[in-house]
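Breakdown of the fold
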Amino acid sequence: MTTQTDTNRRLITELQSRGLRLVDESVGAPSRRGGAGPSDHKAVTVDGQTVMVPVHSSSAAVSPFEAGASGADGRAVLTRDGVRVGDISFPTAPRFYRLQTLDGVPYWKIAQLHGTDVLATTVLQTCVRYGRRATSCQFCAIGESLAAGRTINRKLPEQLAEVARAAVRLDGVRHMVMTTGTPNFTDRGAELLCESAFAVRAAVDLPIQAQCEPPDDPAWFARLKAAGVDSLGMHLEAVTPEVRARIMPGKAEVSVEQYMEAFAEAVSVFGRGQVSTYILAGLGDSADAILDCCERLVALGVYPFVVPFVPVGGTPLADHPPPDAHFMQSILQPLGRMLAEAGLRSRDIKAGCGRCGACSSLSTYEDD
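This report concerns the structure included in the present document. It should be emphasised that the depicted structure is a prediction, and the values quoted were computed from it without experimental measurement.

Turning our attention to the pattern of salt bridges. Following the criterion strictly, the structure yields 15 salt bridges and no others. Measuring nitrogen to oxygen at the nearest pair gives 3.4 Å for the salt bridge that ties Arg 201 to Asp 205. The class for Arg 201 is partly exposed, based on a relative accessible area of 27%. Look at the salt bridges and you will find they share partners, linking Glu 14, Arg 18, Arg 80 and Asp 81 into a network.

So, in structure tokens, the structure goes:
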């Protein structure tokens, strides 16, 4: 028997794969083009669950899904091929977006609201690999928002603390994600993240997830935790050597096995379920390859956050097709069971992308 949960789960999975056309692009909180994290998306609430749905990608432009004009209550009719499938709504822009620092930097250029209660920032908006086809990640748009003036390159610790304090006070933000472009091939950004986390935690009691590549010295994991980081993300993106070498040639020099060693070290510091990795489904890895990798990760106590790849404008993969909903379901359904059996659930993560869950429907499969 098909339940309402099954119907909503399939709808969210398909929306995140196909994208959404908007009659009114100004509805809700501003969407973001380019940058790190969920780019070219808009926050959409479906049956009480807020998810990030592509709205600026090439696939979204031809999506069968369309959101009609929203009413005074912020709700809009969602149609598929012209047939109504339900109502959706759009979270409004947070109040902290209206503020700026004393030297005139808008808060929204320092950190963004993701989902409904997550503050997210890219501490350093440049990367040693970005800009060279031979080394850059082909899906990455970290430089696009910087070039367009929608962010600043280096977010200072005191700026992050100021914005975090305001976001908690004005908008009820409950956790924070700090990612970074890779500044070097040694600590790979861990030092910047330590400085940033320490400043934020000195200003406000806000759980933090830090995200970086595996640092050269595992001692950085203890330093990050001591600085106030609650959970850690180290993102594989792709799981097989051939796909990694093709899609992310520079980052692939850090092998999957090196990541696995780093995951084990990090779990010993942060604990089971407090270390996670992003896996982008649809770049060429088979469902079986992704699930095999996830099985290894779960055995280590790592939460594999599998999300559908979304092509972002301005990148070499701008025209690469996203995965279809059937492919995503073939991964998320068995992965959800795997996570539940291992006692690794998104709701138990202290901070970060896995806890937010807005970029994937994975969390809806964890309680089957």
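Moving on: the pairing of strand S10 (residues 208-211). The two faces of S10 match: Ile 208 and Ala 210 on one face and Gln 209 and Gln 211 on the other face are all buried. Of the crossover connections in this fold, the one passing from strand S9 (residues 175-179) over helix H5 (residues 190-203) to the parallel S10 is right-handed. Here S10 pairs with strand S11 (residues 231-233) via three bridges, running parallel. Paired with Gln 211 across the strands is Gly 233, a residue of S11. In this region the chain leaves S10, passes through helix H6 (residues 219-226) and returns to the parallel neighbour S11; the handedness of that crossover is right-handed.

Right, let's talk about the sheet that holds strand S6 (residues 83-89) for a bit. Strand order in this open sheet of six strands is S1-S4-S5-S6-S2-S3, and the pairing throughout is mixed. A strand with exactly one partner marks an edge of an open sheet, and here the two such strands are strand S1 (21-22) and strand S3 (49-54). Across six bridges, strand S2 (residues 41-46) lies against S3 in antiparallel orientation. The partner of Val 46 across the bridge, within S3, is Gln 49.

Quick look at the environment of Val 302 now. Position of Val 302 among the secondary structure elements: in strand S13 (residues 302-308). Sequence separation between Val 302 and Pro 214 is 88 residues, and the spatial gap between their C-alpha atoms is 14 Å. If we skip the residues at most four places from it in the chain, Val 302 touches Phe 263, Val 267, Val 275, Ser 276, Thr 277, Leu 297 and Leu 344.

It is at 9 Å that the axes of H6 and helix H8 (residues 256-270) come closest, and there the two elements cross at 35°. You can see that H6 and H8 cross each other, and the crossing is right-handed. Of the residues in H8, those touching H6 at Phe 221, Ala 222, Leu 224 and Lys 225 are Ala 262, Glu 265, Ala 266, Val 269 and Phe 270.

With that out of the way, let us pick up the nonpolar core. Counting residues in hydrophobic clusters, the biggest one holds 90 residues, and the most contacted among them are Phe 96, Leu 119, Phe 139, Met 176, Leu 224, Phe 263 and Val 306. Leaving out residues up to four positions away in the same chain, Leu 224 has contacts with Ala 190, Leu 193, Cys 194, Ala 210, Val 229, Leu 232 and Phe 270. By size, the runner-up hydrophobic cluster in this structure holds 17 residues, among which are Leu 11, Val 44, Ala 67 and Ile 88.

Definitions and cut-offs
Residues numbered from 1 in each chain as written. Predicted model: local features only at pLDDT ≥ 70, side-chain atom pairs only at ≥ 80, totals over all residues. Heavy atoms only, no water. Salt bridge = Lys/Arg side-chain N within 4 Å of Asp/Glu carboxyl O. Buried < 20%, exposed > 50% of the residue type's maximum accessible area, 1.4 Å probe, protein only. Helix = DSSP H or I, 4+ residues; strand = E, 2+ residues; numbered from the N terminus. Right-handed = clockwise from strand over helix to strand, strands pointing away. Pairing = 2+ DSSP bridges. Contact = heavy atoms within 4.5 Å. Axes fitted to C-alpha atoms, helices over the stretch in contact; angles between N-to-C directions. Left-handed = near helix turned anticlockwise from the far one by under 90°. Core = buried A, V, L, I, M, F, W, Y, C linked by side-chain atoms within 4.5 Å.

These figures capture arrangement, not role.
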